[in-house]
Amino acid sequence: MNLESLLHDRLAPVLEAVAGHPVDPAIRASPHADFQSGAALGLARELGRPPVRIAAEIAAAADLDGIAEVTVSGPGFLNLVLTGDLIDGALRAAAADERLGVAPVAAPERIVVDYSGPNVAKEMHVGHLRSTIIGDALARTYEWLGHDVIRVNHLGDWGTPFGMLGEHLLDLGGADGHSIGDLTAFYQAARVKFDTDDDFRTRARLRVVALQSGDPLSRDLWRQLVAQSERYFLDVYARLGVTLGPDDFAGESGYQDDLAAVVAGLAEKGLLTESDGALCAFPAGFTGRDGAPLPLIVRKADGGFGYAATDLAAVRHRVGKLGADRMLYVVGSPQRIHFQMVFAVAREAGWLPGDVVAEHIGFGSILGADGRMLKSRAGDTVKLAELLDEATSRASEPAIGIGAIKYADLSGDRRGDYVFDADRMLASTGNTGPYLQYAYARIRSLFRKAGSGPGPVTVTEPAERALALALLGFEPAVRAAAASAEPHRLAVHLHGLAVAFSVFWERCPVLRAEGEVRASRLGLADLTARTLHTGMFLLGIEALDQI
Ligand SMILES: NC(=[NH2+])NCCC[C@H](N)C(=O)O
């Protein structure tokens, strides 16, 4: 049962009667009562009466079913205290339900989550790490809520670099003879040759043309690069415990045959303009600093198609073939304008109907201890594998190191930057992944000693009540995280739950209690463990029985 919505339903009719129109009661958890509503404050000006008076009027008229007490405090807040029966009933209902009382959504949507999206023959970098972690948490959460989730890994597997990379692979012994091994070194070596060797540069250009016209050797080299990279990425996903698999790769190359139709479709709608030899769309409402309209380059002057054209084709595919109701693109904030323009052009072209939601789920950067973009000691971009090595080698178990990284990423507003600080993220106290994992393992160990199972919950002590409210706040936290695609809303809630449990644990003896009290406290502990387990699962953090 969702207490916030229960209280919402109790207060909404009274508010509407008082105001003469629907008013959101804006129920919030409160340190002074169980919950609080500030709705009377918002109505004061409109009704021309002091908010305290309005609040008193609401309090007097409210339907008190399940509410023990409504009081007015401060300038006109309504403080709401629930009855013990309501809380006990809600906890027992949650405990009896495998899904902890969280019903699947009434209207499931088909949600395409585009995440990870690394580039072939290149090491994944920290931006891909964030996309992978955040995207996976979102995909898990929507799926658990009953949506039909399609994971899409928009692999960068096409474009001009493949001339240089294929040619370099050929120089090293060709498609079947050579393993590209260290991706960064491979890419950099190709790059150096491309920048310094005229002959190589010419060969690389011809290789692109050959690849695009279907030359078998070129395709072979390319396939080899893609296959080796995919294997590498899958290793990283396995290490991270991420739910992306081999079938989720849907690389840019897959849209090549659709690009002509993209151009034709845009041309037909009169949306293409030639600009310095390139074909561009100028979606309404996008202007540069100088006020000039911003172009979305659909076909480059050399006839090649770029990132934007592929993304337009991908939108058509996801709406037309995959039947998406909602599309989320979990990609770093610097690509915000790109996606806004792609969505705008797709809407103008009629490929993105008004009832299909397309949203860029942006995120900030991972910073080093110096507050700048994360760099290795040598000043290069940090390889993802090295980052994982650092966290896992310092943790007692790999799952703790990985959980620490994920939690550090997911516990703050995704739009913000965060500092990669292994000491802080691995700490077993504070707002960290290990803290959640220890809280869970501690409860499991409690049950190994208890000798008996959980019983029906009856809340009496204040620490029990605080824990109960945290448990019942799980559903709104999951729904809020899903609604705004903000996993931190769930992460922060779980941390609060773990803290509430530790306070309860200090103040309320469990194993030393007797009879119904002992059973009830074990009931609270059990529901806490199950809630932490489910919540961590949604974030992609492993819950260990024993640490
Ligand atoms: N549909 C998309 N554009 N997805 C994101 C792809 C990310 C891209 N490969 C990059 O590394 O920046």
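Please read all numbers here as calculations on a predicted model, not as lab measurements.

A. Just the domain arrangement of the protein chain, in detail. Taken domain by domain, the protein chain comprises domain 1 (3–82), domain 2 (161–244) and domain 3 (433–539). Centre-to-centre separation of domain 1 and domain 3, based on C-alpha positions: 29 Å. With six residues of domain 1 in contact, the opposing surface of domain 3 contributes four residues. Carbon and sulfur atoms supply 57% of the area that domain 1 and domain 3 bury against each other, a total of about 390 Å² over both sides. It is L3, E4 and D34 in domain 1 that bury the most area against domain 3; as a group they hold 80% of the surface buried on that side. Seen at the junction of domain 1 and domain 3, the total is one salt bridge. The closest approach of N and O atoms between R465 and D34, which form a salt bridge, is 2.5 Å. The interface formed by domain 1 and domain 3 holds two residue pairs in polar contact (both at pLDDT 80 or more) in total. Grouping the amino acids of the side of domain 1 that touches domain 3 by side-chain chemistry returns four nonpolar, no polar and two charged.

B. Spatial organisation of the environment of T429. Within the element layout of this structure, T429 appears in the loop between α15 (422–426) and α16 (433–450). In this structure the C-alpha to C-alpha distance between T429 and R130, which are 299 residues apart in sequence, comes to 23 Å.

C. Local environment of the pattern of salt bridges. A full pass over the atoms with the stated rule returns 27 salt bridges. Put simply, K193 and D171 hold a salt bridge, and the shortest N to O gap is 2.8 Å. Taken as a pair, K193 in helix α7 (residues 183–196) and D171 in helix α6 (residues 161–171) lie far apart in primary sequence, 22 residues in all. Given the relative accessible area of 21%, K193 is considered partly exposed.

D. Region of interest: the pairing of strand β10 (residues 326–330). When you tally the buried positions in β10, you get four out of five residues, the bulk of the element. Relative to β10, strand β5 (residues 110–114) runs parallel, the two being bridged by four bridges. Paired with V113 across the strands is L328, a residue of β10. Judged from the five bridges that link them, β10 and strand β11 (residues 357–361) form a sheet pairing that is parallel. By the bridge assignment for β11, V330 is matched with I361.

E. Structural view of the site of the ligand. Surrounding the ligand, one finds D114, G117, N119, H128, H154, Y307, D311, Y329, V331, Q335 and F339. Between the ligand and D114 there is a distance of 2.8 Å, counted from a nitrogen atom to a side-chain nitrogen or oxygen. Here a nitrogen atom of the ligand and a side-chain polar atom of D311 are 2.8 Å apart.

F. Structural context of unusual backbone geometry. The phi dihedral of A26 falls on the positive side, at around 45°, and the residue is not glycine. By secondary structure assignment, the location of A26 is in the loop between α1 (3–19) and β1 (27–29). Phi is positive for S116, which is not a glycine, with a value near 75°. With respect to the helices and strands, S116 occurs in the loop between β5 and α5 (126–144).

G. Just the packing of aromatic side chains, in detail. For the structure shown, the criterion picks out eight aromatic pairs. Here Y329 and F343 contribute two aromatic rings whose centre-to-centre distance is 5.1 Å and whose plane-to-plane angle is 55°, an arrangement assigned as tilted. Of this pair, Y329 sits in strand β10 while F343 sits in helix α12 (residues 336–349), and the two are 14 residues apart along the sequence. According to the relative accessible area criterion, Y329 is buried, its value standing at 1%. Grouped by ring-pair contacts, the aromatic residues Y329, F339 and F343 constitute a single cluster. In this arrangement the basic side chain of R99 is found over the ring face of W144, its NZ or CZ atom lying 4.3 Å from the centre.

H. Spatial organisation of the packing of α16 against helix α20 (residues 515–539). Their axes nearest at 10 Å, the elements α16 and α20 cross at an angle of 140°. When the axes of α16 and α20 are compared, the pair comes out oblique. Here α16 runs over α20; the crossing is left-handed. Contacts between α16 and α20 pair L436, Q437, A439, Y440, I443, L446, F447 and A450 from the former with R518, L522, A525, D526, T528, A529, L532, H533 and M536 from the latter. Of the residues that constitute the contact of α16 with α20, the class distribution is 12 nonpolar, three polar and two charged.

I. Just the nonpolar core, in detail. Counting 145 residues, the largest nonpolar core has I58, L91, L129, L165, L225, F474 and L532 as the members making the most contacts within it. In this view, L532 contacts L436, A439, Y440, I443, L494 and L497; residues no more than four positions away in its chain are not counted. Of all hydrophobic cores here, the second largest spans 37 residues; its members include A281, A308, A313 and V345.

J. Region of the structure containing the sheet that holds strand β3 (residues 67–73). Reading across from one edge, β1-β2-β4-β3 is the order of the four strands in this open sheet, with antiparallel pairing throughout. What marks the edges here is a single partner per strand, and that holds for β1 and β3. On average, adjacent strands in this sheet sit at an angle of 30° to one another, irrespective of strand direction. Of the pairings in the sheet, the one linking strand β2 (residues 35–37) to strand β4 (residues 77–82) comprises three bridges and is antiparallel in character. Bridging from a neighbouring strand, S37 pairs with L78 of β4. Lying over the sheet, α1 contacts β1, β2, β3 and β4, oriented at roughly 120° with respect to β4.

K. Region of interest: the sheet that holds strand β9 (residues 296–299). In space, the three strands of this open sheet follow the order β7-β8-β9, with antiparallel pairing throughout. Both outer strands of the open sheet, β7 (272–275) and β9, are each paired with one neighbouring strand and no more. The mean angle between the axes of side-by-side strands here comes to 45°, regardless of whether they run parallel or antiparallel. Both β7 and strand β8 (residues 278–281) contribute to a ladder of four bridges, which runs antiparallel. Each bridged residue has a counterpart across the sheet, and for T273 the counterpart in β8 is C280.

Cut-off values and rules
Every chain begins its residue count from 1, and numbering advances along the sequence as written. Residues qualify for local features only when their pLDDT is at least 70, as the model is predicted, and side-chain atom pairs are given and counted only at 80 or more; totals for whole chains, interfaces and linings, by contrast, use all residues. Note: side-chain values were computed over all heavy atoms of the structure, leaving out hydrogens and water. Bear in mind that the domain bounds are from an automatic or database domain assignment. For this analysis, residues touch if any pair of their heavy atoms sits within 4.5 Å. What gets called buried area is simply the loss in accessible area from a 1.4 Å probe that two parts show on being joined, summed for both. Just to be clear on terms, a salt bridge is a Lys or Arg side-chain nitrogen sitting within 4 Å of an Asp or Glu carboxyl oxygen. We define a polar contact as two N or O atoms separated by no more than 3.5 Å, with the added condition that, inside protein, one atom must be a possible hydrogen donor and the other a possible acceptor, whereas residues neighbouring each other in sequence contribute only through side-chain atom pairs. Charged residues are taken to be Asp, Glu, Lys and Arg, nonpolar residues to be Ala, Val, Leu, Ile, Met, Phe, Trp, Tyr, Cys and Pro, and polar residues to be all remaining types, Gly included. Working definition: helices are DSSP H or I runs of at least four residues, strands are E runs of at least two. Numbering for both runs from the N terminus. Each residue gets one of three labels from its accessible area relative to the maximum for its type: buried under 20%, exposed over 50%, partly exposed in between, using a 1.4 Å probe on protein chains only. If DSSP finds at least two bridges between two strands, the strands pair. Here a residue is considered near a molecule or strand provided that any single heavy atom belonging to it is located within 4 Å of it. Between rings of Phe, Tyr and Trp, where Trp is taken as its six-membered ring, a pair exists when centres lie within 6.5 Å; planes separated by under 30 degrees are stacked, by over 60 edge-to-face, and by other angles tilted. For a ring to carry a charge above it, either NZ of a lysine or CZ of an arginine must fall within 6 Å of the ring centroid while also lying within 35 degrees of the normal to the ring plane. A fitted line through C-alpha atoms serves as each axis, taken over the contacting stretch for helices, and the angle formed by two N-to-C directions is quoted from 0 to 180°. With respect to orientation, any angle under 35 degrees is reported as roughly parallel, any angle over 145 as roughly antiparallel, any angle of 65 to 115 as roughly perpendicular, and every other angle as oblique. Should the near helix be turned anticlockwise from the far one by less than a right angle, the crossing is left-handed, and should it be turned clockwise, the crossing is right-handed. Definition used in this section: a nonpolar core is a set of buried Ala, Val, Leu, Ile, Met, Phe, Trp, Tyr and Cys residues joined via side-chain atoms within 4.5 Å.

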